[in-house]
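Next come the chains, spelled out residue by residue.
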Amino acid sequence: MRLFISLFVAMFALTACNSVYVQPNSLDKDALFFAQRGGYTMRRSVKEAMQERGYNIVVGTADTSKHFDDGDESNIDIDTDVVPKNAKYIVRTYERKDFIRPVWCMFNGFWWWNFNVSIADQETGREIMTWRGRGCANSSIRKLNKILDKMEKTSL
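Residues numbered from 1 in each chain as written. Predicted model: local features only at pLDDT ≥ 70, side-chain atom pairs only at ≥ 80, totals over all residues. Heavy atoms only, no water.

Here we come to the pattern of salt bridges. On inspection of all chains with the given rule, the structure shows six salt bridges. Note that Arg 53 and Glu 152 form a salt bridge whose closest N and O atoms lie 2.8 Å from each other. Placement of Arg 53 in the loop between helix H2 (41-52) and strand E3 (56-58) and of Glu 152 in the segment after helix H3 (137-151) is noted, with a sequence separation of 99 residues between them. Summarising the burial analysis for this pair, Arg 53 and Glu 152 share the class buried. With a shortest N-O distance of 3.7 Å, Asp 121 and Lys 88 are connected by a salt bridge. Of this pair, Asp 121 sits in strand E8 (residues 111-121) while Lys 88 sits in the loop between strand E5 (75-82) and strand E6 (89-95); the two residues are 33 residues apart in sequence, bridging distant segments of the chain. Residue classification places Asp 121 among the buried residues on the basis of a relative accessible area of 7%. By relative accessible area, Lys 88 is classed as buried at 14%. Bridged by salt links that share partners, the residues Arg 53, Asp 149 and Glu 152 form one connected network. (Salt bridge = Lys/Arg side-chain N within 4 Å of Asp/Glu carboxyl O. Helix = DSSP H or I, 4+ residues; strand = E, 2+ residues; numbered from the N terminus. Buried < 20%, exposed > 50% of the residue type's maximum accessible area, 1.4 Å probe, protein only.)

Put into structure tokens, the structure is as follows:
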């Protein structure tokens, strides 16, 4: 009995947890999407998965502005991304550093991700998708594709 309880607690502790809010039929697939540059593997994979589905993803242009530190005469360079004016949606992916989980994710991408993803509609100012999750790489991308299936506008 103790072994069963120990195994149950271990399985529960290692399972992936996801919390998703979605507005169905709210995503115009033909619109322009802005996504942040760089990131660990999750951010890049979200952009790649959306591009494979036919979304037009851009990372905007970079801008560096100089600021002066009040206590020091030295310049501080601050890099920012400029969102194109015609971008209808902004996709944000925040992630913790991914790590290899060979036993748990052996047949599911090896990488373990811990992340937040959101999509906001720039025209309405509303967030149409939020996803807080963690899980193996391949299953997370499969979940993203299922989420996008629900969000894409369907023509009648």
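Okay, back to it.
The subject of this paragraph is the side chain of Gln 36. Inspection of the secondary structure assignment puts Gln 36 in the loop between strand E2 (32-35) and H2. Given the relative accessible area of 11%, Gln 36 is considered buried. A distance of 3.1 Å separates a polar atom in the side chain of Gln 36 from the backbone nitrogen of Thr 93. Discounting chain neighbours no more than four positions away, the residues touching Gln 36 are Arg 43, Lys 47, Val 59, Val 91, Arg 92, Thr 93 and Tyr 94. (Polar contact = N/O pair within 3.5 Å; in protein donor to acceptor, adjacent residues only side chain to side chain. Contact = heavy atoms within 4.5 Å.)

Of note in this structure, Asn 25 is not a glycine but carries a positive phi near 55°. As for its placement among the helices and strands, Asn 25 is situated in the loop between strand E1 (18-22) and E2. Unusually for a residue other than glycine, Phe 110 sits at a positive phi of about 65°. Mapped onto the elements of the fold, Phe 110 is located in the loop between strand E7 (99-100) and E8.

Moving on to H3. The terminal C-alpha atoms of H3 lie 21 Å apart, and with 15 residues this matches the ideal 21 Å at 1.5 Å per residue to within 8%. Taken together, the buried positions of H3 are occupied by Ala 137, Ser 139, Ser 140, Ile 141, Leu 144, Ile 147, Leu 148 and Met 151. Its buried side turned inward, H3 meets E1, H2, E8 and strand E9 (126-136). (Expected span 1.5 Å × (residues − 1).)

Turning to the packing of aromatic side chains, a few remarks are in order. Going through the model one piece at a time under the given rule, you end up with three aromatic pairs. Pairing Phe 33 with Tyr 55 gives two aromatic rings, centres 4.9 Å apart and planes at 85°, and the pair type is edge-to-face. On the criterion of sequence distance, the pair formed by Phe 33 in strand E2 and Tyr 55 in the loop between H2 and E3 is long-range, its members being 22 residues apart. The two residues Phe 33 and Tyr 55 agree in class, both being buried. Judged by centre distance (4.8 Å) and plane angle (25°), the ring pair of Phe 33 and Tyr 89 falls under stacked. Here Tyr 89 lies in strand E6 and Phe 33 lies in strand E2, a separation of 56 residues in the sequence. (Phe/Tyr/Trp six-rings, centres within 6.5 Å; stacked < 30°, edge-to-face > 60°.)

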